[in-house]
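Residue-level listing of the chains:
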Amino acid sequence: MGYDRDVAVADITGDSLSKTRWPVDNDPSSQFPIFTRANIGEVFPEVVKPFSWTLWGIPHSEPGWRQALVNLGAFDLEEFTPNRMEMLSVFGGYGYLNVSASRIFGTRAPGLSPEAIDASFFGEQPDVPPYVEEIAHSSSKHEQQLSETISWVLSSPSMPELLETRGKLIKLRNERPNLSQLSDRDLFQRCLDICEQDWEPLWIRHIMATYHSMIPSGVIAQVCDAAGASELCADILTVDGEVDSALPAKRLWELGRLVRASERLSRYLDDIQPATFEAIAIDPNPDCQEFRFKFQAFIDEFGFRGPNEWEVASRCWELDPTAPLSALAIMAKGEEDVSPDARLASRRKHREAAIAEVQSRLKEDTELLGQFNAALAAARTFFAARERTRTNCAILTHEMRMPMWELGARYAAEDVFGAPQDFSMLMVNEWMQLLDNSLNAKELVSDRKKESERLASLEPPFIIDSIVPPLSEWREREATSHSSTQIITGQPGCAGTYVGRAKVISDPSNPGDLQPQDVLVARHTDPSWTPLFSAVSAVVVDVGATISHAVIVARELGVPCVTSATNATSLIPDGALIEVNGSTGTVTILE
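Residue positions are given per chain, counting from 1 as you read along its sequence in written order. With pLDDT at 70 or above as the cut-off, local features in this predicted model cover only qualifying residues; side-chain atom pairs require 80 or more to be listed or tallied, and sums for whole chains, interfaces and linings still use all residues. To get the side-chain values, take all heavy atoms of the structure and skip hydrogens and water.

(A) Looking closely at the layout of surface pockets. Lining residues are those with an atom within 4 Å of a point, where the points come from a 1 Å grid over the protein atoms alone and group into cavities, where a 1.4 Å probe fits but cannot get out, or pockets, open sets with protein on both sides within 12 Å along at least five of seven lines. Grid points are joined across faces, edges and corners, and a volume is the space filled by probe spheres set on the points. Approximately 1,400 Å³ is the volume attributed to the largest pocket. The wall of the largest pocket is formed by 47 residues, among which Pro 45, Glu 46, Arg 477, Ser 506 and His 524 lie closest to the centre. Looking at the lining of the largest pocket, the elements with two or more residues in it are helix H18 (441-456) and helix H21 (568-571). Going along the chain from the N terminus, every DSSP run of H or I of four or more residues is numbered as a helix, and every run of E of two or more is numbered as a strand. For the lining of the largest pocket, the element with the highest residue contribution is H18, accounting for four residues.

In C-alpha cells form, the structure reads like this:
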C-alpha cells in the first residue's frame, strides 16, 4: 500500500480535467476530512499553479509528509490511502493543509492534545470544527514511539546537519550555469533533476521540524498555565537567536544606515521604480557604488526570497528587487532605537524576566521546572530549525525556478506565452508535449490564465470539513468593510504594547506611505513581508498561530505582534489610531 508518484499525478489531474475544475484540484480525504488554509496560506497565498503542483506537490510533498509522520513515530504508512492527496490538497485552486492527521498526532503524543494542535494551526479563528475522537486515533505503539521523539526533542541542543544541508544548497546556487546558454530541453531537465534529487528529503526534514517545534511551545504554554502565568507565555517564546526569515531585515537595516547618511541615495529611494537599482548602479557617485556592491551582495544571498516563494512562478527578489528596496527606504527613516538589535535587546530583557518569574513559581516543583527548562532550550533549537528547513526548501525552489523563467521568457518572445511566468500554467507532462512540438500551448495557457484570474477573485474558505462548497458559494473578495468594533481579540504573537496609526497593506512590494511609527496590518505574511516587520513599530495579522511566520519573525525582531486577529484588515480603517497589545493578543481601535 505505497504511493506511486506517476499514478497519483495521472489519476488526480485526469480526474480534475474530466470534471472541468482546476487541473490540480482533488477530492477531500474521507479518512482525514478536515483541512485549513492556516500556515499554507503563508507560502501559497495565491492560486496553486499546475506546474509546481505536478513538479513537487503531488509527486513529492504528499508522500514526503506521510514519511515524516512515520519518522516521528506518529503513524504507519498503511494508515494512509495509496495515491491520494490527504496531507496536502488543492480545492478551488487553493492549497490546504490537513488538520485531522495532525489532531491524531496530538492525541498520540504524550503531553499534547488535539486542542494544542488546533492552537498551533488556528489560533483564535472562529468556526473550527470540534475534535471527535475515534477508537483508531489512540495507539499505545505510537504513543511509545512519540514519547521517544519528545524526549529527543527536549534534549537536543543543536542540529548541525542543517548547516551541512545549507552548504550543499549554497554550492548548488553558486554553481548555477549560464542559463542563457542552455537549450530548451536542458533548462527543463535541470529543473526536473534538481527537484527529483533533492526536494523530498528537504521537505521531509521541514515537516518533521514543524512538528518538533510544536512540542516545546506546547510544553511552555502548559507549564505557564499550571504556574498561573499564562500571560507571560508570549514573552517567553520570544526567539533569541538567528532565525533565517529575520536575517534579510537585519541586513536591510544595515543598508538603510548607508542610505540615511547619503542625500544622493535618499533621493533615489524617495521614488522607487522598477529600474531604480539599475539607475543607482550606473551612478559613479561613491555612495551609489558602495550601495550597488552591498545591495547586490544582499540579492546574491537572499534573491530566492519573495512572495509565494515555494511557487516556481513567483517573481522573487532576484527577478524583482522592488520589495526589499521599498522596505529599505522606510528603514532608512528609522532611528537607532528601533533597529532590529535594539528591539531584540529590549525583548530579551522582558523574556529573561518572564522566565525568572515562572522559574520562581516552580521552585517547589522540580519535575515541572525541569520540563520548563528543557522546553526553553528546545524552543530555541526547533523554532530556528523550522525556519531553517523552510528556507532550505525555498532556496531549492529558486534553483528550479530560474531555468523555468528563462524557458518561459523564450516562449514569451515567440508569442506562445503572454509573459515568462506563464510557463506555470502547464503541467509537467504538458511541458514534455510542448518540447516535442505536440501541444498547442497558446490557447491552453490563455484559458488557464483566465480561470486562474476567476479563482483569484474568490475568497477560499478558511476551513474545509469533508465537503468543498461549490465555487458559486464562495464569496467574492470584497472591498474593505469597516466596523464599529472597538476591540479585536486575536492571539499573542510577540509581547509588547504600541499605539500608532494602522496601515493596511496587501502587497509588500507596494507599502505606499508606510512609516517607521506605523502599525502594519495584513491578512497574512510570508517571508517577503519580513523586511517590513523591521520597518514598522507593530504588526497585526488576520490569520496565523504560534508557529506561523508572522509570529516567529516578530519575536526574532522584537516587534509587538497580534496574530489570528480575524478580519482585522476589514475591521480596521487605514489610518486609524490603534493600540496593539502583543501580550494579551488584543487590538483596540482608538480613533
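From this point, things continue past the structure.
(B) View of the packing of aromatic side chains. Stacked, tilted and edge-to-face are the three classes applied to pairs of Phe, Tyr and Trp rings, where Trp contributes its six-membered ring and a pair requires centres within 6.5 Å; stacked means planes under 30 degrees apart, edge-to-face means over 60, and tilted covers the rest. Under the definition given, this model contains 29 aromatic pairs. Between Phe 51 and Phe 423 the ring centres are 5.7 Å apart and the planes differ by 80°, which places this aromatic pair in the edge-to-face class. A residue pair is termed long-range when its members are at least 10 positions apart, and Phe 51 in helix H3 (residues 50-72) and Phe 423 in the loop between helix H16 (366-413) and helix H17 (428-435) qualify at 372 residues. Of the two residues, Phe 51 and Phe 423, both sit in the buried class. Seen from their ring centres, Trp 152 and Phe 382 are 5.6 Å apart, and the 65° between their planes marks the pair as edge-to-face. Of this pair, Trp 152 sits in helix H6 (residues 140-153) while Phe 382 is found in helix H16, placing the two residues 230 residues apart along the sequence. Burial classes follow relative accessibility: with a 1.4 Å probe on protein chains only, a residue under 20% of its type's maximum area counts as buried, one over 50% as exposed, and anything between as partly exposed. On the basis of relative accessibility, which here comes to 0%, the residue Phe 382 falls in the buried class. Residue placement shows Arg 37 over the ring face of Tyr 96; its charged tip is 6.0 Å from the ring centre. In this structure, Arg 108 is placed above the aromatic ring of Phe 75, and the distance from its NZ or CZ to the ring centre is 4.9 Å. Either the NZ atom of lysine or the CZ atom of arginine qualifies as a charge over a ring when it sits within 6 Å of the ring centre and within 35 degrees of the ring normal.

(C) Representation of the side chain of Ser 424 in the model. Following the sequence through the fold, Ser 424 ends up in the loop between H16 and H17. Owing to a relative accessible area of 1%, Ser 424 belongs among the buried residues under this scheme. Residue contacts are defined here by distance: any two heavy atoms, one from each residue, within 4.5 Å place the two residues in contact. With near-sequence residues (within four places) excluded, Ser 424 lies in contact with Lys 49, Pro 50, Phe 51, Glu 311 and Ala 313.

(D) Layout of the sheet that holds strand E3 (residues 94-98). When DSSP locates at least two bridges between a pair of strands, those strands are taken to pair. In spatial order, the strands read E2-E3-E1-E4; together these four strands make up an open sheet with antiparallel pairing. At either margin of the open sheet sits one strand with a lone partner, and together these are strand E2 (88-91) and strand E4 (463-465). Neighbour-to-neighbour, the strand axes of this sheet turn through a mean angle of 35°, independent of strand direction. Bridge count between strand E1 (residues 34-36) and E3: two bridges; the pairing is antiparallel. All axes are obtained by fitting lines to C-alpha atoms, using only the stretch in contact for helices, and the reported angles, taken between N-to-C directions, cover 0 to 180 degrees.

(E) Representation of H16. The length a helix should cover is 1.5 Å for every residue beyond the first. When the terminal C-alpha atoms of H16 are compared, their 69 Å separation across 48 residues agrees well with the 70 Å that a helix rising 1.5 Å per residue should span. The angle separating two fitted axes, one through the seven residues that finish at a residue and one through the seven that start at it, defines the bend at that residue. At Ala 379, H16 is deflected by roughly 25°, the largest bend along its length. Across the 48 residues of H16, 35 count as buried, placing the element largely inside the fold. Asp 415 sits one or two positions beyond H16 and adopts a positive phi of about 70°.

(F) Just empty space enclosed by the protein, in detail. Tallying each qualifying case throughout the model produces two cavities of 30 Å³ or more. Empty space within the largest cavity amounts to approximately 230 Å³. Together, 21 residues line the largest cavity, and Asn 39, Trp 65, Leu 97, His 206 and Arg 386 are the ones closest to its centre. Listed by contribution, the elements that provide at least two residues to the lining of the largest cavity are helix H2 (40-43), H3, helix H8 (184-226) and H16. Element by element, the count of residues in the lining of the largest cavity is highest for H8, at six residues.

(G) Highlighting unusual backbone geometry. Despite not being glycine, Asn 437 shows a phi value in the positive range, around 60°. Here Asn 437 lies in the loop between H17 and H18. The exposure class of Asn 437 is exposed, given its relative accessible area of 73%. Positive phi values are uncommon outside glycine, yet Asn 567 reaches one of about 65°.

(H) Seen up close, the environment of Arg 84. Checked against the element boundaries, Arg 84 lands in the loop between H3 and E2. When the C-alpha atoms of Arg 84 and Ala 313 are compared, they prove to be 25 Å apart, with 229 residues separating the residues in sequence. Excluding residues within four positions of it along the chain, Arg 84 makes contact with Tyr 3, Asp 27, Pro 28, Ser 29, Glu 62 and Arg 66.

(I) Here's a closer look at the sheet that holds strand E8 (residues 519-522). Taken together, the eight strands give an open sheet; going across it, the order is E5-E12-E11-E7-E8-E9-E10-E6, and neighbouring strands pair in mixed fashion. Edge strands, defined here as strands with exactly one partner in the open sheet, are strand E5 (487-489) and strand E6 (491-494). For this sheet, the mean inter-axis angle between neighbouring strands, taken without regard to orientation, is 30°. Across three bridges, the pairing between strand E7 (residues 497-504) and E8 is parallel. Residue pairing across strands places Lys 503 opposite Leu 520, the latter belonging to E8. Its contacts with the sheet put helix H20 (residues 549-557) on E6, strand E9 (538-541) and strand E10 (561-563), and the angle it makes with E6 is roughly 45°.

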